Amino acid sequence: MYTIKSYLFPEHLEEAYELLCRDPKNSAVLGGCCWLKMGRRRIRTAIDLTRLGLDQVELRDGYVDIGACVTLRQLETDPLLTGRFGGILGRSVEQIVGIQFRNSATVGGSVYSRFGFSDLTAALLALDTRVVLYQAGELPLEEFLSQPLKFDDILVKVRIRDDGRTAAYESVRRTSTDFPVLAVAVSRLGDDWRVSVGARPARAARARAAEACLARGEGAQAAGAAAAGELSFGSNLRAGGAYRRKLAQTLVSRGAKACMEGGDGQ
Ligand SMILES: Cc1cc2nc3c(=O)[nH]c(=O)nc-3n(C[C@H](O)[C@H](O)[C@H](O)COP(=O)(O)OP(=O)(O)OC[C@H]3O[C@@H](n4cnc5c(N)ncnc54)[C@H](O)[C@@H]3O)c2cc1C
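Residues numbered from 1 in each chain as written. Predicted model: local features only at pLDDT ≥ 70, side-chain atom pairs only at ≥ 80, totals over all residues. Heavy atoms only, no water.

- As annotated in an unreviewed UniProt entry, the protein chain carries the name FAD binding domain-containing protein and is attributed to Flavonifractor hominis.

Structure representation (structure tokens):
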């Protein structure tokens, strides 16, 4: 459990960022607090973003913009998302704890934290996704994931190019609602394939050799083998690295097949 000394509702992003900069070590930008409350932290200044209008999913300039305060449950129910990208954003989160939890946990808290186990990050990485940070500006999700974790900026929104990609999401869990043992997403727009593998247990990464296999038409099984060969897989209490590697082969192959059956996205 955490304690909060001062709980503030900034009216503008600029104000929120100024509050964070004043004392970054002892301040926290709040998402749904689902992760924060698992730890033991003394927060001097809690920065609540809920008055900033960041709880919307919108179509803008050829992108689907998802505000930081959009909940995981909205990803499952918002019609702008259920009908796009094979519905993978909703599918990727549907096994996270339960509906009440997903009504609180946010996209901002999930993506900014760069959890290795993140189902959502694995799904977003297989799409053409950018993140918008208040201070650092807009950058590709992949670049953001390569950066070390520092709580010194505010994630404002996630942007996905609305390019009509078809996509598939696959994960394996020891039990329903547990953290994923492996999370895989595959997407296709004509010959442009994207393969993302998360919960390795390291952060999600693109499997570029697998993508190249698919672009050359070498088939789903070859792509699965390529992904298993090119990425690193580690062990934790949920599974060993060798098992994860085998799973990657199967799940990438399965995801690629589903995209082939779903058409080329064009
Ligand atoms: C029991 C449990 C089981 C879970 N299982 C899974 C699972 O199976 N799969 C999965 O993918 N995830 C899982 N999660 C993670 C969950 O889905 C959320 O990602 C997590 O709770 C964070 O979301 P939140 O909105 O509650 O963030 P918070 O707890 O509010 O914040 C988390 C961190 O992010 C920072 N933060 C929040 N919003 C922003 C922002 N906009 N900009 C910058 N920093 C920000 C906070 O300061 C804090 O440091 C689980 C979490 C819990 C507690």
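## With respect to the sheet that holds strand β12 (residues 205-206)
Then comes step 1: The 4 strands are arranged β9-β10-β11-β12 in an open sheet whose pairing can be described as antiparallel. Each edge of the sheet is formed by a strand with only one pairing partner; in this case those strands are β9 (166-173) and β12.
Then comes step 2: Of the strand pairs in this sheet, β9 and strand β10 (residues 180-189) are connected by 8 bridges, and their pairing is antiparallel. Bridge pairing links Arg173 to Pro180 in β10.
Then comes step 3: Docked against the sheet, helix α9 (residues 208-215) engages β11 (192-198) and β12, running at close to 150° with respect to β11.
Then comes step 4: In the packing of helix α11 (residues 241-261) onto the sheet, the strands contacted are β9, β10 and β11, and the crossing angle to β10 comes to about 30°. (Pairing = 2+ DSSP bridges. Helix = DSSP H or I, 4+ residues; strand = E, 2+ residues; numbered from the N terminus. Contact = heavy atoms within 4.5 Å. Axes fitted to C-alpha atoms, helices over the stretch in contact; angles between N-to-C directions.)

## Here's the deal with the pairing of β10
Then comes step 1: For β10, a buried count of 10 out of 10 residues is recorded, marking the element as mostly surrounded by other parts of the structure.
Then comes step 2: Counting the residues that bridge the hairpin from β9 to β10 gives 6 residues, and of these Thr177 lies at a positive phi of roughly 75°.
Then comes step 3: Bridge count for β10 against β11 is 7 bridges, and the pairing is antiparallel. When the sheet's bridge partners are listed, Ala185 is paired in β11 with Ser196. (Buried < 20%, exposed > 50% of the residue type's maximum accessible area, 1.4 Å probe, protein only.)

## Brief notes about the pattern of salt bridges
Then comes step 1: In total, this model carries 21 salt bridges according to the counting rule given.
Then comes step 2: The salt bridge partner of Glu138 is Arg130, with a shortest N-O separation of 2.8 Å.
Then comes step 3: Here Arg130 falls in the partly exposed class, since its relative accessible area comes to 23%.
Then comes step 4: Arg238 is the salt-bridge partner of Asp178, the closest N and O atoms lying 2.9 Å from each other. Taken as a pair, Asp178 in the loop between β9 and β10 and Arg238 in the loop between α10 (220-230) and α11 lie far apart in primary sequence, 60 residues in all.
Then comes step 5: When salt bridges that share partners are traced, they join Asp65, Arg130, Glu138, Lys157 and Arg159 into one network. (Salt bridge = Lys/Arg side-chain N within 4 Å of Asp/Glu carboxyl O.)

## Points about helix α1 (residues 13-22)
Then comes step 1: Listing the buried residues of α1 in full gives Ala16, Tyr17, Leu19 and Leu20. Projected down its long axis, α1 carries its buried residues within an arc of 155°, all on one side.
Then comes step 2: Looking at the buried side of α1, the elements it contacts are β1 (3-8), β2 (27-30) and β3 (42-48). (Arc of directions from axis to C-beta.)

## With respect to the domain arrangement of the protein chain
Then comes step 1: Along its sequence, the protein chain is carved into domain 1 (3-48), domain 2 (57-161) and domain 3 (168-261).
Then comes step 2: Interface of domain 2 and domain 3: buried area, both sides summed, is about 1,900 Å²; carbon and sulfur atoms make up 52% of it.
Then comes step 3: Viewed at the interface, domain 3 and domain 2 are joined by 3 salt bridges.
Then comes step 4: For the pair domain 2 and domain 3, the number of links is 10 residue pairs in polar contact (both at pLDDT 80 or more).
Then comes step 5: Of all elements in the fold, only α4 (88-93), α7 (119-125) and α8 (141-145) reach the threshold of two or more residues within the side of domain 2 that touches domain 3.
Then comes step 6: Top contributing element to the side of domain 2 that touches domain 3 by residue count: α7, with 5 residues.
Then comes step 7: Across the side of domain 2 that touches domain 3, the residue classes tally to 11 nonpolar, 5 polar and 5 charged. (Domains from an automatic or database assignment. Buried area = accessible area lost by both parts, 1.4 Å probe. Polar contact = N/O pair within 3.5 Å; in protein donor to acceptor, adjacent residues only side chain to side chain. Nonpolar A, V, L, I, M, F, W, Y, C, P; charged D, E, K, R; others polar.)

## Some words on α9
Then comes step 1: Those residues of α9 that fall on the buried side of the exposure criterion are Ala210, Glu211, Cys213 and Leu214. Buried residues of α9, seen end-on, are gathered within an arc of 155° and therefore sit on one face of the element.
Then comes step 2: As for α9, its buried residues are in contact with β11, β12, α10 and α11.
Then comes step 3: One or two positions beyond α9, positive phi appears at Gly217, with a value near 75°.

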